[in-house]
Amino acid sequence: MAMSGGKEDGDPMMEMNMTPLIDVLLVLLIMFIITIPIQTHAVKVDLPQNSQNKPNPVNSEKNKITINAAGEVAWNGAPVTEVTLRQYLDQSASMNPEPELHFQPAPDARYEAVDRTLAQIKRSAITKLGFIGNEQYRNDF
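Because the structure is a prediction, the values reported are computed rather than measured.

Cut-offs applied
Residues numbered from 1 in each chain as written. Predicted model: local features only at pLDDT ≥ 70, side-chain atom pairs only at ≥ 80, totals over all residues. Heavy atoms only, no water. Phe/Tyr/Trp six-rings, centres within 6.5 Å; stacked < 30°, edge-to-face > 60°. Helix = DSSP H or I, 4+ residues; strand = E, 2+ residues; numbered from the N terminus. Buried < 20%, exposed > 50% of the residue type's maximum accessible area, 1.4 Å probe, protein only. Pairing = 2+ DSSP bridges. Core = buried A, V, L, I, M, F, W, Y, C linked by side-chain atoms within 4.5 Å. Contact = heavy atoms within 4.5 Å.

What about the packing of aromatic side chains?
Aromatic rings in a pair are described by how distant their centres are and how their planes are angled relative to each other.
1) Next: Considering all chains together, one arrives at 2 aromatic pairs under this definition.
2) Next: Consider the rings of tryptophan 75 and tyrosine 88, whose centres lie 5.4 Å apart with planes at 50°: the pair is tilted. Separated by 13 residues along the polypeptide, tryptophan 75 in strand β2 (residues 73-75) and tyrosine 88 in helix α2 (residues 82-94) bring together distant segments of the chain.
3) Next: The class of tryptophan 75 is buried, set by a relative accessible area of 2%.
4) Next: Taking the centre distance of 5.7 Å and the plane angle of 90° together, the rings of phenylalanine 103 and phenylalanine 131 count as edge-to-face. Of this pair, phenylalanine 103 sits in strand β4 (residues 100-105) while phenylalanine 131 sits in strand β5 (residues 129-131), and the two are 28 residues apart along the sequence.

Put into structure tokens, the structure is as follows:
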């Protein structure tokens, strides 16, 4: 009338209950994973700088177009072609807020070069245009 846990009556139980052992091992594994510090390997590398990158020639506040006596057009002091000038003007017109554009032809500049440049400025939809150097002519008229 005694109870036994074996297959036959009277035989001792030969299998060990593994569930508590597995539970304890899983808890230990989780604790081990949590306590491991996060490994961050950072290697500092000084990368070479590309010297061919030119700063943006379009200033966000104001830009200056000058025309010398030979009819050469310059954007902020650097000579430009008509195509490059148009690109700079379009880029300037697309900025928000639009930068001021100062226009300063030389007194002895050819009217044709000045007119051609003003036509490009008008086609580019620039709204903030100012003429520089006109004050020197105020007593001539």
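Alright, that's what it looks like, and here's the rest.
Details of unusual backbone geometry
1) Next: In the segment running from asparagine 96 into proline 97, the intervening peptide bond is cis, with an omega of 0°.
2) Next: Mapped onto the fold, proline 97 is located in the loop between α2 and β4.
3) Next: Positive phi outside glycine occurs at asparagine 76, with the angle close to 55°.
4) Next: By the secondary structure assignment, asparagine 76 is in the loop between β2 and β3 (78-79).
5) Next: Even without being glycine, alanine 125 reaches a positive phi, approximately 65°.
6) Next: By the element assignment, alanine 125 lies in the loop between α3 (111-123) and β5.

A look at the pairing of strand β1 (residues 62-67)
1) Next: The two faces of β1 differ: Asn63, Ile65 and Ile67 on one face are buried, but Lys62, Lys64 and Thr66 on the other face are not.
2) Next: Note that β1 and β2 share 3 bridges and pair antiparallel. Looking at β2, one finds that isoleucine 65 is bridged to tryptophan 75.

Concerning the nonpolar core
1) Next: Within the largest apolar cluster, 16 residues are counted, with the highest numbers of intra-cluster contacts made by Ile65, Ile67, Trp75, Leu85, Leu89, Leu101 and Ile121.
2) Next: Contributing elements (two or more residues each) for this core: β1, β2, α2, β4 and α3.
3) Next: Ignoring any residue separated from it by four or fewer positions in sequence, one finds leucine 101 in contact with Asn63, Ile65, Trp75, Leu89, Ile121, Ile126, Lys128, Leu129 and Gly130.

The values are spatial; any link to function lies outside them.
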